[in-house]
Amino acid sequence: EAVVSVCQLAAEYRQTFHKDCVVDIVCYRRHGHNELDEPSLTQPLTYALIAEHPPVVQIYTEALVEAGVVDVGYAKALSQRVLDEYENQNRTA
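Here we summarise the structure given alongside this text.

Rules and cut-offs
Residues numbered from 1 in each chain as written. Predicted model: local features only at pLDDT ≥ 70, side-chain atom pairs only at ≥ 80, totals over all residues. Heavy atoms only, no water. Helix = DSSP H or I, 4+ residues; strand = E, 2+ residues; numbered from the N terminus. Buried < 20%, exposed > 50% of the residue type's maximum accessible area, 1.4 Å probe, protein only. Polar contact = N/O pair within 3.5 Å; in protein donor to acceptor, adjacent residues only side chain to side chain.

Comments concerning unusual backbone geometry
In this structure, His18 takes a positive phi of about 55° despite not being glycine. Its place among the elements puts His18 in the loop between α1 (2–17) and α2 (44–52).

This is the structure:
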């Protein structure tokens, strides 16, 4: 939600002032850069911490459930629907 909000703000700034804007998003790749990369070889301490950290989707889902926005069943069904669509698109690609 924060990323969407700041990107909307940046777009509004650009439309209003006709000037460029930079949005610096800090993140990490849980599984490295690609399927051949093993980031724990070059960054063992960082990736040990990442391995222990819950995935973002889990954190966000728990927050939505706690806030009463969705229930667990809906969240699981939506997640499965998205995964099924990814698989379907991958098969047809």
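Points about the environment of Asp71
As for its placement among the helices and strands, Asp71 is situated in the loop between α3 (56–66) and α4 (72–92). On the accessibility criterion, Asp71 (47% relative accessible area) is partly exposed. With 10 residues separating them along the chain, Asp71 and Thr61 place their C-alpha atoms 9.1 Å apart. A distance of 3.2 Å separates a polar side-chain atom of Asp71 from the backbone nitrogen of Gly73. Here Tyr74 takes part through its backbone nitrogen, which lies 2.7 Å from a polar atom of the side chain of Asp71.

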